[in-house]
Amino acid sequence: MKTAIASLKTTNNAWNTMPWGKIQRKVFKLQKSIYQAVKSGQKAKARRLQRLLNKSYFARLLAVRKVSQDNQGKRTAGVDGIKNLSPKDRIHLVDKLKQRQKAKSLRRIWIPKPGRDEKRPLGIPTLHDRALQALVKLGLEPYWEAQFEAESYGFRPGRSAHDAIDAIFKKALIKPQYVLDADIAKCFDQINHDHLLSKLDCPSVYKRSIKQWLKAGVLDNGVFEATKTGTPQGGVISPLLANIALHGMLNTVVNHFPQSIMVDGKQIQKYRPKIIRYADDFVVIANNPEVILEAQDLIKEWLKPVGLTLKPEKTRLCNTLYEWNGEKPGFDFLGFNIRHYPLSIHKGINAGQAGGKKPYQLNIKPSQKAIKSHYDNCKKVIKTHRTAPQSALVKQLNPVIKGWSNYFSKVVSKNVFSKLDHMIWNALRAWTASRCGKASYNKLKNYYRYGVNGKWTFQTKEGFRLINHIETPIKRHIKVKREKSPYDGDWTYWSKRMSNGYTGIPNRVTKLIKRQKGRCTYCGQFFTINDLIETDHIIPQSRGGKDIYKNLQALHRHCHDSKTQQDGNLNRDDCTHKKG
């Protein structure tokens, strides 16, 4: 294998003809060994395997591929101005990763916060530093995945926001809960460097590199600013470092409370709270109000040595059914609203019980803030395409609607979807009126035709139509098992979750994987949760193929590249990138 790769280096198309499938499998095998070593308590063995992975040529190839081809920010330059790499440059960068150069400063850029007028800063490392971060992450992630707490869901492979929401649903389903809904103030910017470095527990070669990235400083319009705290937001490894810094908070606080307690001669069961964390957002849920108040104080104390505090304006003490502490019932988390609703005496989860209790039911819906933000985004697209062709407007609106609908399709969203469809229909009706003046049937039929939504379907002459929110089926999400990780090698469990769409893979790709019985149509190998998966047109659109389900296939990313190179005439725009 080494001889074959050495010969590939001498050719111009060496990068594209790399055996990516085999490279991925070899690296993952080593990652799985690191995970299993930590799980069995052999941390010294795990660190030896990390050093081996750090020297691996295959691992360096994957790291460079990730930052130069796979990541969304691959064309964002650092302070050196380099943002595009040719195949020959990528191979040169792989060789450069052998020598650990001193980390360069970050380039600060400002990006708007979703749904807000304010902006947040990002520090963009150079391509070389990003590749080195990706290499370190390959070894560091499986080591910590074997130790992370079960109720931590943010920025972890195989876990999603829907897992966190389902965890809340299971805890709050039976009876109303007291809740601490909190956010850590400037989490990524305020983490204490010394505390984080002392917690890493990794080979010295990793620790030296991480320390350099933490201390590299930031260039903002040519002005250098030293970084004394925080992790480099915008870097590949930043979310993992934040998770490491916050690791231990959940178990420390939860284990402080007994499972049951005796009060006034009465045994109170399930006294211990539950904490669900997604990155720097978390909620504490308990049956008793005193537990919530004590947990808040414990979390504040735990965060002090980490250099962090709770954000006062985003910290709420509330109840899921009734007003408590001056706050309205229910709370928002990750774009969802979680609340118990009172019902009639014949319905609800506690209907028919003695004691004159009012029946209630837990419903999780899209939050009002999320609904407004989405509608504003749709209106913005409509406004910017005021004079554009109808097909261009539909092409821009469809991904916005489909993406939002898919995210909220796991909860009680049917009424919200219907309401949004009506609001967008009215906005489109105004869009047509602004183009044709006083509306008449003859004028409107240029934009509305008989289709799947009746005679008022917003559709072009060619049949290209606007999709509705209500078309997305509501399907409940099944939460990942407590401490399961893609690095544990349980292919049966993870392939089943992937084929059922529980790992963040879009529904369209999930259906293709199911149709193909979990295999790539090009190489015949099974898909895994760590694979990059692309949907490709069987007959390319450039050859007259249609963008319909029957003409799609799911391929590994590396298989798609090989197929593209062999055919030589496939248009890169004929496929859609999807990460699995």
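Residues numbered from 1 in each chain as written. Predicted model: local features only at pLDDT ≥ 70, side-chain atom pairs only at ≥ 80, totals over all residues. Heavy atoms only, no water.

Draft legend 1. The arrangement of unusual backbone geometry in detail. The residue Asp201 is not glycine, and still its phi comes out positive at about 55°. Mapped onto the elements of the fold, Asp201 is located in the loop between α9 (193–199) and α10 (204–214). What makes Asp201 partly exposed here is its relative accessible area of 28%. (Helix = DSSP H or I, 4+ residues; strand = E, 2+ residues; numbered from the N terminus. Buried < 20%, exposed > 50% of the residue type's maximum accessible area, 1.4 Å probe, protein only.)

Draft legend 2. Examining the sheet that holds strand β12 (residues 336–342) more closely. Ordered in space as β11-β12-β13, the three strands form an open sheet in which the pairing is antiparallel. Because the sheet does not close on itself, it has two edges, and the strands there are β11 (331–333) and β13 (360–366). For this sheet, the mean angle separating the axes of adjacent strands, direction not counted, is 25°. One ladder, built from three bridges, connects β11 with β12; its direction is antiparallel. Of the residues in β12, the one forming a bridge with Phe333 is Phe336. (Pairing = 2+ DSSP bridges. Axes fitted to C-alpha atoms, helices over the stretch in contact; angles between N-to-C directions.)

Draft legend 3. Expanded view of the pairing of strand β14 (residues 448–451). Taken together, the three bridges between β14 and strand β15 (residues 454–458) define a ladder with antiparallel strand orientation. Looking at β15, one finds that Gly451 is bridged to Gly454.

Draft legend 4. Up close: the nonpolar core. Residues Leu61, Leu140, Ile210, Ile244, Phe282, Ile299 and Leu303 are the most contacted members of the largest nonpolar core, which totals 87 residues. Examining the composition of this core, we find that ten residues originate from one element, helix α6 (residues 127–145), more than from any other. Setting aside chain neighbours within four positions, we find Leu61 in contact with Trp15, Met18, Trp20, Ile23 and Val94. Counting 49 residues, the second largest nonpolar core, distinct from the first, contains Phe333, Tyr375, Val416 and Ala427. (Core = buried A, V, L, I, M, F, W, Y, C linked by side-chain atoms within 4.5 Å. Contact = heavy atoms within 4.5 Å.)

Draft legend 5. Focus on the domain arrangement of the protein. Splitting the protein by domain gives domain 1 (1–245), domain 2 (369–471) and domain 3 (491–577). With 13 residues of domain 1 in contact, the opposing surface of domain 3 contributes twelve residues. Together, Gln24, Phe28 and Gly158 form the three largest contributors to the area buried by domain 1 at its contact with domain 3, with a combined 36%. Note that Arg497 and Asp163 form a salt bridge whose closest N and O atoms lie 3.5 Å from each other. At the level of elements, α2 (20–39) and α4 (57–70) are the ones that each hand at least two residues to the side of domain 1 that touches domain 3. Sort the elements by how many residues they give to the side of domain 1 that touches domain 3 and α2 lands first, with five residues. Here the side of domain 1 that touches domain 3 is composed, by residue class, of two nonpolar, seven polar and four charged. (Domains from an automatic or database assignment. Buried area = accessible area lost by both parts, 1.4 Å probe. Salt bridge = Lys/Arg side-chain N within 4 Å of Asp/Glu carboxyl O. Nonpolar A, V, L, I, M, F, W, Y, C, P; charged D, E, K, R; others polar.)

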